[in-house]
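# A closer look at the structure
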Amino acid sequence: MKILVCISKAPDTTAKIAFTDGDTKFDEGGVQFIVNPYDEWYALVRGLELKEANGGTVTVLNVGGADSDPIIRKALAIGADDAVRIDAETIDALYVAKQIANYAKEQGYDMILAGKETIDYNGSQVAGMIAELMDAPYVSLASKLDMNGNTATIEREIEGGVEVIEVNTPFVLSAAKGMSEARIPNMRGIMAARSKPLTVVPASEASTSTAIKGFTLPPAKSGCKFVDTAEELVELLHNEAKAI
Amino acid sequence: MSVLIYTDSSNGALTKNAFEAANYGGQLAKAAGTDAIAVVVGSASGLEDLGNYGISKVMHVSDASLDNFDPQKIAHIVAAAANETGADTIVFAHDYTGKSVAPRLSAKLDAGLVTGAIALPNGNVVKKAVFSGKAFAEIEITTAIKIISVLPNSLDKVETGGSAEVVAFSVEIPTTGITVKEIKKESTELSLTEADVVVSAGRGLKGPENWGMIEELAKELGAATACSRPVADIGWRPHHEHVGQTGIAIRPNLYIATGISGAIQHLAGVNGSKVIVVINTDSEAPFFKAADYGIVGDAFEIIPKMIEAIKKLKA
Ligand SMILES: Cc1cc2nc3c(=O)[nH]c(=O)nc-3n(C[C@H](O)[C@H](O)[C@H](O)COP(=O)(O)OP(=O)(O)OC[C@H]3O[C@@H](n4cnc5c(N)ncnc54)[C@H](O)[C@@H]3O)c2cc1C
């Protein structure tokens, strides 16, 4: 089983969110970067579990510059066999998806896994776009994935419930909570990661479709109104906030 | 030139988010002086009601095989409808359906996509929350066709009155590789992203056996229930209730948080809520900084009293 896991570089969840260049760029100064949690906790770990049960390989792929290498090494330390970095700027989701699809088309992966969204741009876009570009089925927001030969049984979240589906390889999937439990890399994994292959491939020609014009921070709350009793709270929610 | 809106249905009726998308597309079309046209798949009725949100025409592909959700088929149908109507803007709701279909369509039409819009676009520039609600970005779509998915509960509804003309739309439906085996609907529970009011609780509740009062309060308010991440991780509550940066992001009208400290990752997913109420024994809990109303006190005393006060209010 040949598994590709797409990983994105994301700011640590406690990072201070600030902007530079006239509020048009995220200020990376002092920010610690991590593997996007959904990519790591669910897509990567489930990929590794499937490989451990069925044999095969897990390759992690990142689109980005050399500053992505530390998070790629982290994914290798958790257990991926090898890594590919497509040396392209992450201009927009469709541009990134084209980079991945152009590369993956030639590789014959049985499945391409990604997290359900990144915690920076919260797009929930790239995996679905890869599927369309490769003319493959896309299973979004999957919370369970089991393989039986070439057939996957998958649970995914839909409006107001869960859908159980079957699909044959190859397919593209975005992973949500429930897939697997996060793994912490051990010393052996970290040592091994240093010598695992990381192939850098050049960007392919692709057009872009969106551009960030600027960022703003949410207005600060005007302050909390403290009340003493539940009755008073209900009264204010009804008459002042008109929320109940 | 027109605005095309994909309006989703479930169990034969349009969803709440379908009307949210229609409302967004209807207002957008009105501002641009063009038509708002909806597309619906599967056996659904009551489609003329979309006219109340500015939709003039509904293109209905009623093939019952579409009742089983398949994003590949829907993307194909919406692309055909866009081609037929010459739409230059396509609108979805940013819900499970929109997240599955809009990216496919974006790649199919090579059209720029912004997901989770929280306001009508300003020209080609769309505003959305980024960094899990810690900031907003203004994103320009630079392609001829634009795709926007609107975050539920973001735009006030404008009722236009009127009824939409429903026409059958016939399009060849492709075969795809996905077979639906089973659908488990949680018909009694209100979906978290759709709920106007959410009652949420955290580790301060001490154990799963104490959630009865949370469920009762939610029931009195017609609210959905949510929880903090550790509560879902230790299995006190189901995973789909986990809200926050790594759970579901919500923006209800009212969010009531009890026994939740207000860690940055939790706040990220809920701080778009219009009114936030925090109940916590610790006056230093960081959540109070993000709250509109707060009570420093014990949830086990306050929640039952709130339930009583709400019952009285309703009586
Ligand atoms: C990468 C990462 C991602 C994360 N993502 C999320 C996420 O998406 N969502 C999320 O929620 N968390 C997330 N977390 C975890 C987060 O950092 C906090 O640990 C978590 O939110 C705390 O949950 P809590 O408030 O329920 O528990 P605690 O922090 O233990 O707080 C319990 C609170 O209850 C109060 N309390 C105790 N007894 C009572 C009582 N009787 N009445 C009233 N109040 C009482 C206490 O004063 C305290 O404030 C993430 C963490 C990391 C590292």
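Just above sits the structure.
Residues numbered from 1 in each chain as written. Chains lettered and ligands numbered in written order. Predicted model: local features only at pLDDT ≥ 70, side-chain atom pairs only at ≥ 80, totals over all residues. Heavy atoms only, no water.

### Points about the nonpolar core
In this structure, Leu4(B), Val78(B) and Phe92(B) are the most contacted members of the largest nonpolar core, which totals 55 residues. Leave out the neighbours within four places in its chain, and Leu4(B) touches Ile37(B), Val39(B), Met59(B), Val78(B), Ala81(B), Ala82(B), Thr85(B), Ala87(B), Thr89(B), Ile90(B) and Val91(B). (Core = buried A, V, L, I, M, F, W, Y, C linked by side-chain atoms within 4.5 Å. Buried < 20%, exposed > 50% of the residue type's maximum accessible area, 1.4 Å probe, protein only. Contact = heavy atoms within 4.5 Å.)

### Digging into the packing of helix α2 (residues 71-85) of chain B against helix α3 (residues 96-109) of chain B
The description of two packed helices rests on the angle between their axes and on the distance between the axes. Residues and elements named next belong to chain B. Two elements in contact, α2 and α3, have axes separated by 9 Å at closest approach and are oriented at 50°. Relative to α3, α2 is oriented oblique. In the crossing of α2 with α3, the sense of the turn from one axis to the other is right-handed. Across the interface between the two elements, Pro 71, Gln 72, Ile 74, Ala 75, His 76, Val 78 and Ala 79 from α2 touch Ser 100, Val 101, Arg 104, Leu 105, Lys 108 and Leu 109 from α3. Here the residues of the contact of α2 with α3 sort into eight nonpolar, three polar and two charged. (Axes fitted to C-alpha atoms, helices over the stretch in contact; angles between N-to-C directions. Helix = DSSP H or I, 4+ residues; strand = E, 2+ residues; numbered from the N terminus. Parallel < 35°, antiparallel > 145°, perpendicular 65-115°, else oblique. Left-handed = near helix turned anticlockwise from the far one by under 90°. Nonpolar A, V, L, I, M, F, W, Y, C, P; charged D, E, K, R; others polar.)

### Examining the interface of chain A and chain B
With 79 residues of chain A at the contact, the number on the chain B side is 85 residues. Carbon and sulfur atoms supply 58% of the area that chain A and chain B bury against each other, a total of about 6900 Å² over both sides. When the buried surface of chain A facing chain B is broken down by residue, Glu159(A), Lys177(A) and Lys221(A) rank first, second and third, together holding 11% of it. Taken together, chain A and chain B are joined by eight salt bridges. Close ionic contact of Lys98(A) with Asp110(B) constitutes a salt bridge, the shortest N to O distance being 2.9 Å. The tally of links between chain A and chain B comes to 39 residue pairs in polar contact (both at pLDDT 80 or more). Among the elements that make up the side of chain A that touches chain B, the one with the highest residue count is strand β11 (residues 161-168) of chain A (eight residues). Residue composition of the side of chain A that touches chain B, grouped by class: 39 nonpolar, 21 polar and 19 charged. Relative to strand β9 (residues 135-141) of chain B, strand β14 (residues 210-216) of chain A runs antiparallel, the two sharing six bridges. The residue of β9(B) that forms the bridge with Ile212(A) is Ile139(B). (Buried area = accessible area lost by both parts, 1.4 Å probe. Salt bridge = Lys/Arg side-chain N within 4 Å of Asp/Glu carboxyl O. Polar contact = N/O pair within 3.5 Å; in protein donor to acceptor, adjacent residues only side chain to side chain. Pairing = 2+ DSSP bridges.)

### Side note on the pattern of salt bridges
Evaluation of the coordinates by the stated rule reveals 26 salt bridges over all chains. Of the charged contacts, one joins Glu49(A) and Arg46(A) as a salt bridge, the two residues approaching to 2.6 Å between their closest N and O atoms. Placement of the pair is Glu49(A) and Arg46(A) together in helix α1 (residues 37-54), with a separation of three residues, close to one helical turn. With a relative accessible area of 22%, Glu49(A) lands in the partly exposed category. Between Glu140(B) and Lys213(A) there is a salt bridge whose closest N-O contact spans 3.2 Å. Highlighted residues: Glu140(B) in strand β9 and Lys213(A) in strand β14, drawn from two different chains. Through salt bridges with shared partners, one network takes in Arg46(A), Glu49(A), Lys144(A) and Asp146(A).

### Describing a nonpolar patch on the surface
A cluster of nonpolar side chains, contributed by Met187(A), Ile190(A) and Met191(A), occupies part of the molecular surface with about 290 Å² of accessible area. When its relative accessible area of 33% is taken as the criterion, Ile190(A) is described as partly exposed. (Patch = residues over 30% accessible without salt bridge, like charges linked within 9 Å, V, L, I, M, F, W, Y side chains within 5 Å. Areas by Shrake-Rupley, 256 points an atom, 1.4 Å probe, with all protein chains shown as cover.)

### Digging into the site of the ligand
Around the ligand sit 28 residues, and of these Ser228(B), Thr246(B), Ser261(B), Gln265(B) and Asn280(B) come closest. Nearby residues place the ligand at the junction of chains A and B. Within the contact set of the ligand, an oxygen atom lies 3.0 Å away from a backbone nitrogen or oxygen of Gln245(B). A distance of 2.9 Å separates a nitrogen atom of the ligand from a polar backbone atom of Ala299(B). About the coverage of the ligand: the protein hides 79% of its 980 Å² of free accessible area. Contributing elements (two or more residues each) for the shell around the ligand: α5 (229-233), α6 (264-270) and α7 (299-314) of chain B. (Near = heavy atom within 4 Å.)

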